[in-house]
Amino acid sequence: MGFAGNKLKSIFLVLLWIPTISLAQQPFINHVSIPSAEFGATVEISGGNFSGSPRVFFGGVEATVTYNSNNLIQVAVPAGAPNASIFVLNNEKIAQSSERFYLSFGGSDTTATFDTTYTQSTNQRAASDLCLCDLNGDHKQDIIVVHRHTDQSGEEATIFINNIDTTGKLPDTSFEGKSLDIEENQSGFFSVVCADLDNDGDNDLAFSSNSGSGNDVFVLNNNDGNGNFSDNPDPLELKLPDSRTSDGNS
């Protein structure tokens, strides 16, 4: 073939090889072995690009990886796992299961009994929405609540960090509440969800709002991994498109 031909062949092989390396970095999930299981049960996640040190999350709760190969991960269902999708974080890229996983009761049949109601006050008014997720990486479900100001001037959000240290008990000191430091003109929140939006393993918060210039979505980045949100009091604002036609009709 000659020198020139061998050189062109080498270049062609390199060009084929480069995208293969790039694609291999993105994990993907094909199947979760069981859709529901109790705490501590083993769940197998099949897919691809799991080599290295993948991290697995049931919703916002991280699970312990007991085995992994390039195509299979085995994990133990973590305590406090919510009814949510399973996520695999590997090589700074994330994969999500197509179906939700549901935590089940693994004991014998029994009649459920409930302790005295535990009330956590926001010292505000009219809570309108809440979500649960681990905001500080301690594998415990924290609470984020959207509610009205005491003076009825608008809505804001409070987070309650979960400090429970005894299984099955909710003492009065279980949750530490603190208001999120958000600019006043960016309040007006009426719903909240949490998810890892920037693929760093920490849960961020997204709020729907009817304040400002219209119906917007505000995102707070949990950039310190401890749920403080103190380094970014100005949330990312996502403008919803105007769906009206030119004559003003929907």
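A tally of helices and strands in the chain yields one helix and 16 strands. Evaluated residue by residue, the chain yields a buried proportion of 35% over its 250 residues. Sequence separation of at least 24 residues holds for 44% of the intrachain contacts in the chain that already meet a minimum separation of 6. A total accessible area of about 15000 Å² is found for the chain, and carbon and sulfur atoms account for 52% of it.

Summed over the entire model, instances satisfying the criterion amount to one aromatic pair. For the ring pair Phe58 and Phe101, a centre distance of 5.0 Å and an interplane angle of 85 degrees mean the geometry is edge-to-face. Placement of the pair is Phe58 in strand 4 (residues 55–58) and Phe101 in strand 8 (residues 93–103), with a sequence separation of 43 residues. Classification of Phe58 by relative accessible area gives buried; the value is 0%. The buried category is assigned to Phe101, whose relative accessible area is 1%.

Within a beta sheet, neighbouring strands are joined by backbone hydrogen bonds and run either parallel or antiparallel to one another. Strand order in the open sheet made by the eight strands is 1-3-6-5-4-7-8-2, with mixed pairing throughout. The open sheet has two edge strands with one neighbour each: strand 1 (28–32) and strand 2 (36–37). Across two bridges, the pairing between strand 2 and strand 8 is parallel. Bridging across to strand 8, Ala37 finds its partner in Leu103.

You can see Glu62 is positioned in strand 5 (residues 61–68). Discounting chain neighbours no more than four positions away, the residues touching Glu62 are Arg55, Val56, Phe57, Pro78 and His139.

With the rule as written, the count across this model stands at one salt bridge. Between Glu62 and Arg55 there is a salt bridge; the shortest N-O distance is 3.0 Å.

A word on the layout of surface pockets. One number sums up the size of the second largest pocket: a volume of about 360 Å³. In terms of lining residues, the second largest pocket is bounded by 19 residues, among which Gly59, Gly60, Ala84, Phe87 and Cys194 are the most central. If you list the elements that add at least two residues to the lining of the second largest pocket, you get strand 7 (84–90), strand 8, strand 9 (125–133) and strand 13 (189–195). Residues that form the lining of the second largest pocket fall into these classes: nine nonpolar, seven polar and three charged.

Before going further, it helps to spend a moment on the confidence of the model for the chain. Mean pLDDT for the chain: 75, with 62% of residues reaching 70 or above. Within the chain, strand 6 (residues 72–76) carries the highest mean pLDDT (97), whereas helix 1 (residues 2–24) carries the lowest (50). Low pLDDT (under 50) marks residues 11–18, which in the prediction has zero contacts with non-local residues, meaning those over four places away or in another chain.

Attention now goes to the nonpolar core. Within soluble globular proteins, side chains that are nonpolar generally end up buried alongside one another. Counting 18 residues, the largest nonpolar core has Ile45, Val56, Phe58, Val75, Val77 and Val88 as the members making the most contacts within it. When residues of this core are traced back to their parent elements, those giving at least two are strand 1, strand 3 (42–48), strand 4, strand 6, strand 7 and strand 8. Each residue touching Val75, except ones within four places of it in the same chain, is listed here: Ala41, Thr42, Val43, Ile45, Val56, Phe58, Ala63, Thr64, Val65 and Thr66. Grouped together as the second largest cluster of nonpolar side chains are 16 residues, Leu180, Leu205, Phe207 and Phe229 included.

Looking at the element boundaries, Asn49 is found in the loop between strand 3 and strand 4. Separated by 24 residues in the primary sequence, Asn49 and Gln25 have C-alpha atoms spaced 6.3 Å apart. Polar contacts involving the side chain of Asn49 include one to the main-chain carbonyl oxygen of Gln26, which spans 2.6 Å.

Before going further, it helps to spend a moment on unusual backbone geometry. Unusually for a residue other than glycine, Glu92 sits at a positive phi of about 65 degrees. Relative to the helices and strands, Glu92 resides in the loop between strand 7 and strand 8. Assessed through its relative accessible area of 71%, Glu92 is described here as exposed. Even without being a glycine, Asn199 presents a positive backbone phi close to 60 degrees. By secondary structure assignment, the location of Asn199 is in the loop between strand 13 and strand 14 (204–209). For Asn199, a relative accessible area of 29% gives the class partly exposed.

Cut-off values and rules
- Residues numbered from 1 in each chain as written.
- Predicted model: local features only at pLDDT ≥ 70, side-chain atom pairs only at ≥ 80, totals over all residues.
- Heavy atoms only, no water.
- Helix = DSSP H or I, 4+ residues; strand = E, 2+ residues; numbered from the N terminus.
- Buried < 20%, exposed > 50% of the residue type's maximum accessible area, 1.4 Å probe, protein only.
- Contact = heavy atoms within 4.5 Å.
- Areas by Shrake-Rupley, 256 points an atom, 1.4 Å probe, with all protein chains shown as cover.
- Phe/Tyr/Trp six-rings, centres within 6.5 Å; stacked < 30°, edge-to-face > 60°.
- Pairing = 2+ DSSP bridges.
- Salt bridge = Lys/Arg side-chain N within 4 Å of Asp/Glu carboxyl O.
- 1 Å grid on protein atoms, 1.4 Å probe; cavity = no way out; pocket = protein on both sides within 12 Å on 5 of 7 lines; lining within 4 Å.
- Points joined across faces, edges and corners; volume = space filled by probe spheres on them.
- Nonpolar A, V, L, I, M, F, W, Y, C, P; charged D, E, K, R; others polar.
- pLDDT = per-residue confidence, 0-100.
- Core = buried A, V, L, I, M, F, W, Y, C linked by side-chain atoms within 4.5 Å.
- Polar contact = N/O pair within 3.5 Å; in protein donor to acceptor, adjacent residues only side chain to side chain.

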